[in-house]
Amino acid sequence: MSRKYWRVSSFDKKQAAELAYDGGYDEFAVLLLNARGLTEPEDVAEFLENDTELSDPFLMKDMQKAVARIHDAVDRNEKIVVYGDYDADGVTATALLYLYLEAVGADVSYYIPSRMDEGYGLHETAVDALAEKGVRLIITVDNGINSVEEAKYIKSKGLDLVITDHHQPGTQLPDAVAVVNPHRTDDTSPFKDLAGVGVAFKLAAALEDGDCESVLADFADIVAIGTIADIVPLKGENRLLAVRGVEAINRTTRPGIAALKNNAGYADKDFTATNVAFAIAPRINAAGRIESAITALKLLLTEDEEEAASYAEQLDTFNATRQDTEAGIVEEAIEKIERDPALRYAKVLVVDGENWHAGVIGIVASKLVDRYGKPAMVIARDGSGEAKGSCRSIEGFSLFDALTAVSDSLVRFGGHTMAAGFTVAEDKIEEFRRRINDYADTLPLFYPVLRLDCRLNPACINMNLIDSLSLLEPFGAENPQPLFGLYHVTYRTGKTIGATGKHMRLTFEKGGAVYSAVYFGMSAEEFPYEPGEMIDLAVTVDKNEFRGEVKPGIYVKAVKASAFADERYFASQSLYEKARDGKTLNEKERAFLCPDRTFAASVFRLVKKCGVCRLSPEHIAVRLGFGSEMTCRVRITLDAFCELGLMQEDGGCYRVADGVSKVSLGSSELLKSLGYRE
C-alpha cells in the first residue's frame, strides 16, 4: 500500500451537541455527520430519520418525451429493445427496465454488448442486427450520452432512440427522441448523483405516472445492487434507495438474488450494503469481464430456482477466473513499471500489455493506485490497431478532465472523475502517455489522501460507540464506514493469526491501558515497527461476534510512525520523482537530494542491522533522526547502493548484498548527476 496523507476532518463539537439535543439524536452520530459536512438541522434529520423523498421523475429533462414515445410503442405493439451495459450498474438497469416493460405488456427484448468484442455503448453493427429483427425503439440504460454518431446512424435506419444515462455529457448531445440524464446542463431535477439503474428506475416510475413507491416496491433489490456497485454517493435519494434495497434483499423472493446470497455464504444472514459491494457486485461484474454479462442478466430475470442456482454457480466460476486473470496482469504490470524509470517515476502511471484481458484492466488499475499512490491507466493491446484502456485516480486528479485535455490522442473516452475508460490507437500509446503526464505537470501537487473522521481515544471504544455507528449505515461511496485515528499509541506485541498466516493481532497501549486490534493483510513478521515504538493507527470499529459473545472489534487499516510528517514527506517524494524522471533540477534541489558519505554510511548500517529491512525510506529517515523531509535523500542513497551492487531490493525490502567489497560512492552515475563529491 502506498503512503497516504492522513487528513482528519474538522467539526464543530458545540454545534453538533446542540443539533443532537434539539433533535433527540445520538450525539456522536451527529458529530460524525458534522465532520462530513452535514451541519443544518434539516440535513441531519433527513439522514438519520431516512425520510428523504424521491423527487418527481418528470423534473428530469426530456422525461415527458421519453414516456410519450414508450407509451406509444407499447400501445402500437412495436418491438422495443433495452440496450444496456456489461457492468453491474448496466446489468441491473437492463433487468429493471426489461422486467417493468414486460409486465406492462410491451414487446420488449434486451441487448448488452460484449465487453471484449464490441466494447462500451452503442454500435452500428448491433443497430443493424436489431433493425433486421424489426426493432423500432431503442432505449439505452447506463450508456448513450456521448453516442452522437451512433444516434445519427440509428435515425438514418428509421429507428427511434431514447437515451437514459448518468455519465457526463460531452459538448454535443445525441440526436434522439429523448435524452434523460441528470447531468445535462439544462436539467433542473434536484438530485444529480443517480447511478444508471437509478435513472432507469426514474423512467419506470414516470411510466407509472410518477409513482416511485410502487416501482420501488417491485425493484428495490435490483436498484440497490446497481447503485451500490457503481460507487455513486450514498447520500440523498441514493441513500434511500440503498436502505430500501438492502431491506428488500434480506427478504427477497427473487430466485437469482437468493442464489447469489447463498453462494456468498449469506443464505440465512442479513445483508448490509458492504456485503452487496463485496459479495454480490463482483459476481455480477465478473460475468461481463470474463465471458458475457447476459448470464448475470438472466440470473436476475429468471423465476426458476434451479436455473438461478445454475447461473449463480457460473458467476462464481467467472469470478474465480477473474481473480486469477487479474493477479497475473497485476504482476506483469508491476514488473513493467519497476524496470522502466520512465513509467515508475511519472506522475501518472500508463502501462500497456499485449493480450491483457480487457475485462479486468479496471481492477488492475485500482491495484496499481493502491500500490503506487498515483493515477493509473492500464491499456490492453490485441494487435487490432485499437487498444482499450481503463483508469482509476486519486484526489486532485480528475480523469474526465485529463482525458478531455488530450482527447485528440484518443479514439473515444468516457467516465467520471475517479474512474474512466478509453480507446486509443496502438501507435499513439506513447504519445498519449507523454501528453497525459505533460497535463499532470500543469496541476498542483496531488497525492493519495486517507480521510479520518476524527481522532479517537481507544478508551471510548465500547458497544455504545458501535450503536452510534450503526445509525450511519448503509455505508458506501461518500458515506464510508467511519475511520478513526488512534494517535500516539505505543506498540507492544504482534502475533500472526489466520490459516494463511497473512494477518496479525497487535496490542498497543494508551494511557496505561492495553488494547487489541486485528490487521488483515499484514503478518507480524512483516510488520516494520518495533515494540515500544510510538505509532498512529487508522482503524474501523465494528461488532466482533465470537462464541455468542459480542464485543467491539478494532480493525487496523493503516499504520504510520507518530513522527511521520505528511506535508514534508510528499514534498520530498515529489522532488525524488522529479529527479528520477529525468527532469531538470536546480542547484539547491541537487544539493538537498545528494547524500554525503556520513549520511550514506548511516543508512547502510541501519539496513545491515535489520538483515531484511522492511522499513520504508521515510521510516529510515525518521529512525535515523533526519525527519520525513529527508525521505528523498534516503531513497537516492538506497538507489545508489542498488546501482553499485551493495544492496538488493525486493518488493520494497532492502538487504545488504552478500560478499560486498568496498566501492566508491563517487562511481555511482546517479550520485554523479547530483554532484556527489568524496
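Residues numbered from 1 in each chain as written. Predicted model: local features only at pLDDT ≥ 70, side-chain atom pairs only at ≥ 80, totals over all residues. Heavy atoms only, no water.

1. So, helix H13 (residues 293–301)
For clarity, the cut-off: Exposure is judged per residue with a 1.4 Å probe applied to protein chains only, and the accessible area is read against the type maximum: over 50% gives exposed, under 20% gives buried, and values in between give partly exposed. Secondary structure elements follow DSSP: runs of H or I no shorter than four residues count as helices, runs of E no shorter than two count as strands, and numbering proceeds from the N terminus. Working rule for contacts: check all heavy atoms of both residues, and any pair within 4.5 Å makes them a contact. Identification of polar contacts relies on pairs of N or O atoms within 3.5 Å, with a donor-acceptor requirement for protein atoms, meaning one able to donate a hydrogen and the other able to accept it, and with residues adjacent in sequence counted only if both atoms are side-chain atoms.
Across the nine residues that make up H13, a large majority, seven, are buried. Burial in H13 covers these residues: Ala 293, Thr 295, Ala 296, Leu 297, Leu 299, Leu 300 and Leu 301. Structurally, H13 contributes buried residues whose contacts are with helix H5 (88–103), strand E3 (107–111), helix H11 (255–263), helix H12 (273–290) and helix H14 (305–339). The N-cap residue of H13 is Ser 292: its side-chain oxygen and the backbone nitrogen of Ile 294 are 3.1 Å apart.

2. A closer look at the packing of helix H2 (residues 27–35) against helix H19 (residues 463–470)
Our working definition: To get an axis, a line is fitted to the C-alpha atoms, and for a helix only the part in contact is used. The angle between two axes follows their N-to-C directions and goes from 0 to 180 degrees. Small angles under 35 degrees read as roughly parallel and large ones over 145 as roughly antiparallel, with 65 to 115 read as roughly perpendicular and the rest as oblique. We call a crossing left-handed when the near helix sits turned anticlockwise from the far one by less than a right angle, and right-handed when that turn is clockwise.
Where H2 contacts H19, the axes come no closer than 8 Å and their chain directions differ by 50 degrees. Classed by the angle they form, the pair H2 and H19 counts as oblique. Handedness of the crossing formed by H2 with H19: right-handed. Across from Phe 28, Ala 29 and Leu 32 in H2, the residues of H19 making contact are Leu 465, Ser 468 and Leu 469.

3. Describing the side chain of Ser 189
When you line up the elements, Ser 189 lands in the loop between strand E6 (178–180) and helix H8 (196–207). Residues in contact with Ser 189, not counting those within four places in the same chain, are Leu 59, Met 60 and Pro 182.

4. Regarding the sheet that holds strand E11 (residues 419–425)
Defined as follows: Two strands are said to pair when DSSP picks up at least two bridges between them.
Pairing in this open sheet of five strands is mixed, and the strands run E7-E8-E9-E11-E10 from one edge to the other. If you trace the sheet from one side to the other, it starts and ends with strand E7 (349–354) and strand E10 (412–415), each paired once. Averaged over all neighbouring strand pairs, the angle between strand axes comes to 15 degrees, with direction disregarded. The pairing of strand E9 (residues 386–392) with E11 spans seven bridges and is antiparallel. Residue pairing in the sheet places Lys 388 in a bridge with Thr 423 of E11. Lying on the sheet, helix H16 (residues 361–372) is in contact with E7, strand E8 (376–381) and E9; it crosses E9 at an angle near 45 degrees.

5. Focus on the packing of aromatic side chains
Centre distance and the angle of the planes are the two values used to describe a pair of aromatic rings. Let me state the cut-off plainly: Each pair of aromatic rings taken from Phe, Tyr and Trp, with Trp reduced to its six-membered ring, is defined by centres within 6.5 Å and is described as stacked if the planes are under 30 degrees apart, edge-to-face if over 60, and tilted in the remaining cases. Counted as over-ring charges are cases with an Arg CZ or a Lys NZ within 6 Å of the ring centre that also lie within 35 degrees of the ring normal.
Scanning the model with the defined rule gives 21 aromatic pairs in all. Aromatic pair Tyr 519 and Phe 527: ring centres 6.4 Å apart, planes at 85 degrees, arrangement edge-to-face. By relative accessible area, which is 12% here, Tyr 519 ends up buried. Since its relative accessible area comes to 6%, Phe 527 is described here as buried. When the ring of Phe 520 is compared with that of Tyr 555, the centres are 6.1 Å apart and the planes differ by 10 degrees; the resulting orientation is stacked. Here Phe 520 is found in the loop between strand E16 (513–519) and strand E17 (534–546), whereas its partner Tyr 555 is found in strand E18 (residues 549–561), with 35 residues between them in sequence. Judged by its relative accessible area of 16%, Tyr 555 falls in the buried class. Cluster of aromatic residues (ring-pair linked, three or more members): Tyr 5, Tyr 447, Tyr 569 and Phe 570. Taking the ring centre of Phe 599 as reference, the NZ or CZ of Arg 633 above it sits at 5.3 Å. For the cation-ring pair, Arg 635 lies above Tyr 576, with the distance from its terminal atom to the ring centre recorded as 5.5 Å.

6. So, the pattern of salt bridges
Here is the rule we go by: Throughout this description, the term salt bridge denotes a Lys or Arg side-chain nitrogen within 4 Å of a carboxyl oxygen of Asp or Glu.
Counting across every chain of the model gives 48 salt bridges. When the shortest N-O distance is used, the salt bridge between Glu 78 and Arg 69 registers 2.9 Å. With respect to burial, Glu 78 and Arg 69 carry one shared label: buried. Measuring nitrogen to oxygen at the nearest pair gives 3.9 Å for the salt bridge that ties Glu 338 to Arg 344. Arg 344 gets classed as buried once you look at its relative accessible area, which sits at 16%. One network of salt bridges, with partners in common, ties together Arg 69, Asp 72, Arg 76, Glu 78 and Asp 160.

7. Thoughts on the sheet that holds strand E5 (residues 160–164)
With parallel pairing, the five strands of this open sheet are ordered in space as E3-E2-E4-E5-E6. For this open sheet the edge positions go to E3 and E6, each flanked by a neighbour on one side alone. Taking the axes of each pair of neighbouring strands and ignoring which way they run, one obtains an average angle of 20 degrees across the sheet. Summarising the sheet, strand E2 (residues 79–83) and E3 pair through five bridges and their orientation is parallel. By the bridge assignment for E3, Ile 80 is matched with Val 108. Helix-sheet contacts for helix H4 (residues 63–75) involve E2, strand E4 (135–141), E5 and E6, and the interaxial angle to E4 is about 140 degrees.

8. Brief notes about the pairing of strand E14 (residues 484–497)
Pairing geometry for strand E13 (residues 454–455) and E14, over two bridges, is parallel. Across the sheet, residue Arg 455 finds its bridge partner in E14, namely Gly 485. Sheet analysis places E14 next to E17, joined by five bridges and oriented antiparallel. Within E17, the position partnered with Thr 490 by the bridge is Met 534. In terms of strand pairing, E14 meets strand E15 (residues 503–510) through seven bridges, oriented antiparallel. Within E15, the residue paired with Thr 493 across the bridge is Thr 507. Joining the antiparallel neighbours E14 and E15 is a turn of five residues, in which Gly 498 adopts a positive phi near 90 degrees.

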